[in-house]
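Each chain is listed here by its residues.
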Amino acid sequence: MSQPQPMDQRYARRPKKRKNWFLRTVGLLVLLFVLMLVGVPLYAWSRIDKVEAMPTGTRPAATSGTTYLMVGSDGREDLSRAERARLHTGKASGSRTDSIMLMHVPESGPTVLVSIPRDSVVTVPGYGKQKVNAAFALGKGNPALLVKTLETKTGLRIDHYVEIGFSGFASVIDSVGGINMCLPKALDDPKAHINLKAGCQDLNGVTALGYVRSRHADGKNDFGRVERQRQMVGAVGKKATSPSTFLNPVRYFNVATKGVDALTVDKDMSLFDFIKFAQGMRAVSGSGGITLTVPIGDDSVRVGSGIGVGWDEAKAKALFTAIKSGKTSGLKSS
């Protein structure tokens, strides 16, 4: 007949049970966290629109790095009346681009983000001399003509295409809790619906959209706008990929899913390519990136019934040759 165990021996086993329960709980939480990190991007990726963005025919040779064409579309057709009112977009029809940037992520060395002023005068295949912004419109929103135009002009192979619309941009800004921007002076542009004071301040989605679209607040026209667009791209990339986003399940879900309905990428892009794109956006916000505008030689080139800007062909050629050869470390932000 077994003897009853002393009270101290019976109670000595309980801490072990509690310890096992605690470890199992921690393990379950870690598993759920990992599943969230993997599952949320896969879900968001499945919702992104994909288009045939790459042109046919002869194209520049591929580089060792990856080049992304980033386009901000100002199409209003998919916006409701309430959204147009909230975002102050107006009712203009047709397909145009509000911003055009080339981001090159090399195998090694700094990432380079090059702004292309939308009034740049280039040769659009099949249409002659036009502002580069027209290539998107002439293609009726099909990016292949814009890709072909820029590849012909720069000699740089474009590997992937990323387009975001008005509502998507505002949603992304709001999903990360706004973006803090430091303004050297006040910006007042009624056409962009902004009146911002000088100094550091948080911008929500609507205000940030006005900030990057403004052409009349600082007297720099498109050149001031492309500077602000590059600043915003870096700031969004940095905040969206920060630890505070990954460790906050609600913010992480919002960042990954909000705005995807207004996002379009090329059909050949994989989730890995898009993650690399996001990492490049983060890189251009810090010391690991270079941001600049394509060198301009003439800001009063007549094209059609309007005035555009012409590139400094020698400096532009040197810039894109450096990118193609992987020698981005010799470039400087401007």
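The rules behind the values
- Residues numbered from 1 in each chain as written.
- Predicted model: local features only at pLDDT ≥ 70, side-chain atom pairs only at ≥ 80, totals over all residues.
- Heavy atoms only, no water.
- Helix = DSSP H or I, 4+ residues; strand = E, 2+ residues; numbered from the N terminus.
- Contact = heavy atoms within 4.5 Å.
- Areas by Shrake-Rupley, 256 points an atom, 1.4 Å probe, with all protein chains shown as cover.
- Phe/Tyr/Trp six-rings, centres within 6.5 Å; stacked < 30°, edge-to-face > 60°.
- Buried < 20%, exposed > 50% of the residue type's maximum accessible area, 1.4 Å probe, protein only.
- Lys NZ or Arg CZ within 6 Å of the ring centre and 35° of its normal.
- Pairing = 2+ DSSP bridges.
- Axes fitted to C-alpha atoms, helices over the stretch in contact; angles between N-to-C directions.
- Expected span 1.5 Å × (residues − 1).
- Arc of directions from axis to C-beta.

Here we take up the overall build of the chain. Broken down by element type, the chain carries 12 helices and 15 strands. Taking contacts inside the chain between residues at least 6 apart in sequence as the whole, the part at least 24 apart equals 69%. As presented, the chain carries roughly 17100 Å² of accessible surface, and 56% of it is formed by carbon and sulfur atoms.

Another aspect to go through is the packing of aromatic side chains. If you walk through the whole model with that rule in mind, you get five aromatic pairs. Ring centres of Phe-246 and Tyr-252 lie 5.5 Å apart, and the angle between their planes is 40 degrees; on these two criteria the pair is classed as tilted. Here Tyr-252 falls in the buried class, since its relative accessible area comes to 8%. Taken together, the aromatic side chains of Trp-45, Tyr-68, Phe-274 and Phe-277 make up a single cluster linked through ring pairs. Cation over ring: Lys-153 sits above Trp-311, and NZ or CZ is 5.1 Å from the ring centre.

Moving on to the pairing of strand β6 (residues 128-131). With four bridges joining them, strand β5 (residues 121-124) and β6 adopt antiparallel strand pairing. Across the sheet, the residue bridging to Thr-123 is Lys-129, located in β6. The hairpin turn running from β5 into β6, its antiparallel successor, is three residues long, and Gly-126 in that turn takes a positive phi close to 90 degrees.

Attention shifts here to the sheet that holds strand β12 (residues 263-266). The seven strands lie next to each other as β1-β12-β7-β2-β3-β4-β13, forming an open sheet whose pairing is mixed. Each of the sheet's edge strands pairs with one partner strand only, and the pair in question is β1 (49-51) and β13 (289-293). The sheet shows a mean angle of 20 degrees between the axes of neighbouring strands, direction not considered. Pairing analysis gives eight bridges linking strand β2 (residues 66-73) to strand β3 (residues 97-105), with the strands arranged antiparallel. Residue pairing across strands places Val-71 opposite Ile-100, the latter belonging to β3.

When the terminal C-alpha atoms of helix α11 (residues 271-283) are compared, their 18 Å separation across 13 residues agrees well with the 18 Å that a helix rising 1.5 Å per residue should span. Those residues of α11 that fall on the buried side of the exposure criterion are Asp-273, Phe-274, Lys-276, Phe-277, Gly-280 and Met-281. Angularly, the buried residues of α11 cover 155 degrees about the axis, an arc narrow enough to put them on a single face. Opposite the buried face of α11, by more than 90 degrees, sit the exposed residues Phe-272 and Gln-279.

Attention shifts here to unusual backbone geometry. Even without a glycine there, the phi angle at His-193 is positive, about 60 degrees. Counting through the fold element by element, His-193 comes out in the loop between β9 (187-189) and β10 (194-196).

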